[in-house]
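Working through the structure, step by step
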Amino acid sequence: MTETPAASAPTSARDARIATHSHIKGLGLDENGQALPAARGFVGQRAAREAAGLVLDLIKQRRFAGRALLLAGGPGTGKTALALGLAHELGQKVPFCPMVGSEVYSTEVKKTEVLMENFRRAIGLRVRETKEVYEGELTELTPTETENPLSGYGKTIAHVVIALKTVKGTKQLRLDPSIYESILKERVSVGDVIYIEANTGAVKRVGRSDAYATEFDLEADEYVALPKGDVQKRKEVVQDVTLHDLDMANARPQGGQDIMSVVGQLVRGRRTEVTEKLRSEINRVVDKYIQQGIAELVPGVLFIDEVHMLDMECFAYLNRALESPISPHVILATNRGMCTVRGSDADGEAGIVAPHGIPFDLLDRCLIVRTLPYDENEIREVISIRTRTEGIVLDAQALDALTALGRETSLRFALQLIAPASILASTSGHSEITLEDVQTARLLFNDARSSARALSANTMDIA
Ligand SMILES: Nc1ncnc2c1ncn2[C@@H]1O[C@H](COP(=O)(O)OP(=O)(O)OP(=O)(O)O)[C@@H](O)[C@H]1O
Ligand SMILES: [Mg+2]
């Protein structure tokens, strides 16, 4: 994908480096939606992948809103991996907000407040505006300093002179010091192509001018052509934000011109309350934008892992939120079978026992996809993919041993042993992991089941 990051990516996209799943690059389906045996890091689990592919299509056609997908299956069968694969397929422009059920329990914030925030993180807004801008390659950047009349020390910027060049010509602009700040923030230097919005003074760096393309042998920068036309022009600017971004941007105190501005700057960056009133205010403005055709709603995906950790109150909220007209697509995952719904057994009442620990009324709104345990070949394949991504070499016997371990214990345990085994291998001077290293690692670490067995044999005695 060749999208430019930062400039248009939703800012609330959390850092997506989830290391245990870094080999998963998508769902690995062919053009007919059939699962390939092993593709894009995904192995086996074909029915579930195809189902996820169908849901992906529905999401892309925006026909899945108000419904939820529930991934159910045993531990380590790839539910989380499936959801992340789906997120990869959706691409950068559709917001994807992952959360874990237990995130709602906080002593400071209400449970439903956390859910609401995540819902709003998962709803994108694409704003298309034609703006008056000054665009061109920066050829001159000269800040002019003066003595600061208010404090004895230091100097302040009085104004800044810049020159912007386009194919047609060069124009010199004299700018307010606040714009100089945003120039610094965007890390603009001479030779970059930038644009400045005329009415807000916001500065955006488009890329480095391609006249400088031969400056370095290796470059991480993006090169863009010298803009055509006049420096001052009307330009269509597309911005992707989430409703949560808008909430946050409007909740932060804006620094004014008085003494309060100092306080404002201290508070800035810290979380302030996003009130219900603010949200409805923002919804109103967004509605207006949508009606005027300036903005377009992009419903994204909210992924709630370990959904059985939610309680009655949250489930009731989910039901309601799913039915709101601006609901995102919701994906839930759980590894529980029949169990008591959390929070239903309060005050000594007998709890409600429900499949997956999810009340029936929510379950009724879900499409349920099962993930099945892996067979030996699939385990072997996942282990080899994983070692390749981690840049580790296994010999054949070690791979067999790990595969067997994966069958006896769990896939996840086998995957977890790779890293310690590779360290053992390097300390004992092996260039690749051998059977011996796997066995030593196995002796050093217990898997969940053998640990449980040992504990119950010794009754409650941990020592
Ligand atoms: N089909 C698969 N192909 C490749 N890797 C997989 C596959 N299934 C699972 N994995 C990998 O195995 C590990 C465990 O899978 P994952 O975390 O998705 O399980 P889970 O179903 O979410 O389990 P839990 O219920 O315990 O949360 C992860 O590192 C995951 O990336
Ligand atoms: Mg999981």
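Residues numbered from 1 in each chain as written. Chains lettered and ligands numbered in written order. Predicted model: local features only at pLDDT ≥ 70, side-chain atom pairs only at ≥ 80, totals over all residues. Heavy atoms only, no water.

In the nomenclature of an unreviewed UniProt entry, the protein chain is known as RuvB-like helicase of Malassezia cuniculi. Annotation of the protein chain in UniProt includes, under Sequence similarities (unreviewed entry), the sentence "Belongs to the RuvB family." UniProt, in the comment section headed Subcellular location (unreviewed entry), describes the protein chain in these words: "Nucleus". (UniProt positions renumbered as here; feature names shortened; annotations may be inferred.)

What follows covers unusual backbone geometry. Most peptide bonds are trans, and most residues other than glycine sit at a negative phi. Positive phi, normally seen in glycine, also occurs at Arg40, with a value near 50 degrees. A relative accessible area of 47% places Arg40 in the partly exposed class. Of note, the phi angle at Arg187 is positive, near 55 degrees, even though the residue is not glycine. By the secondary structure assignment, Arg187 is in the loop between α4 (177–185) and β8 (192–197). Assessed through its relative accessible area of 72%, Arg187 is described here as exposed. (Buried < 20%, exposed > 50% of the residue type's maximum accessible area, 1.4 Å probe, protein only. Helix = DSSP H or I, 4+ residues; strand = E, 2+ residues; numbered from the N terminus.)

Bringing the site of ligand 1 into the picture now. Close contacts around ligand 1 come from 22 residues, with Val43, Lys79, Thr80, Tyr374 and Arg412 the closest. In the model, an oxygen atom of ligand 1 is placed 2.6 Å from a nitrogen or oxygen of the Thr80 side chain. Ala81 has a polar backbone atom sitting 2.9 Å from an oxygen atom of ligand 1. Contact with the protein chains removes 96% of the 630 Å² of surface that ligand 1 exposes when unbound. Elements supplying a minimum of two residues to the shell around ligand 1: β2 (42–43), α2 (79–90) and α12 (411–427). In terms of residue class, the shell around ligand 1 is made up of nine nonpolar, ten polar and three charged. Among the domains, domain 1 (38–122 + 300–371) and domain 3 (376–462) are the pair contributing at least three residues each to the shell around ligand 1. (Near = heavy atom within 4 Å. Polar contact = N/O pair within 3.5 Å; in protein donor to acceptor, adjacent residues only side chain to side chain. Areas by Shrake-Rupley, 256 points an atom, 1.4 Å probe, with all protein chains shown as cover. Nonpolar A, V, L, I, M, F, W, Y, C, P; charged D, E, K, R; others polar. Domains from an automatic or database assignment.)

The terminal C-alpha atoms of α12 lie 25 Å apart, and with 17 residues this matches the ideal 24 Å at 1.5 Å per residue to within 8%. Within α12, the axis deviates most sharply at Ile418, by approximately 30 degrees, and proline Pro420 lies no more than four positions further along. Residues of α12 that are buried include every one of Leu411, Phe413, Ala414, Leu415, Leu417, Ile418, Ala421, Ser422 and Ala425, and no others. If you follow the buried residues of α12, they end up packed against α10 (376–390), α11 (396–408) and α13 (435–444). Just downstream of α12, Gly429 is the residue with a positive phi angle, here 80 degrees. (Expected span 1.5 Å × (residues − 1). Bend = angle between axes of the 7 residues up to and from the residue. Contact = heavy atoms within 4.5 Å.)

Let us look at the confidence of the model for the protein chain. Residues shown with low pLDDT carry predicted positions that ought not to be read at fine detail. Mean pLDDT over the protein chain: 82, with 87% of residues reaching 70 or higher. Low pLDDT (under 50) marks residues 1–18, which in the prediction has 24 contacts with non-local residues, meaning those over four places away or in another chain. pLDDT under 50 marks residues 255–271. Its contacts with residues more than four places away, or in other chains, come to twelve contacts. (pLDDT = per-residue confidence, 0-100.)

Turning to the pairing of strand β3 (residues 68–73), a few remarks are in order. Burial analysis of β3 places six of its six residues in the buried class, which makes it a mostly covered element. Where burial is concerned, the two faces of β3 agree: the one with Ala68, Leu70 and Ala72 and the one with Leu69, Leu71 and Gly73 are both buried. Both β3 and strand β17 (residues 366–371) contribute to a ladder of six bridges, which runs parallel. Looking at the pairing, Gly73 lines up with Thr371 of β17. (Pairing = 2+ DSSP bridges.)

What follows concerns helix α8 (residues 312–322). Residues Cys314, Phe315, Tyr317, Leu318, Asn319, Ala321 and Leu322 constitute the buried set of α8. In this structure, the buried side of α8 is in contact with β3, α3 (111–121), β13 (301–305), β14 (329–334) and α9 (360–363).

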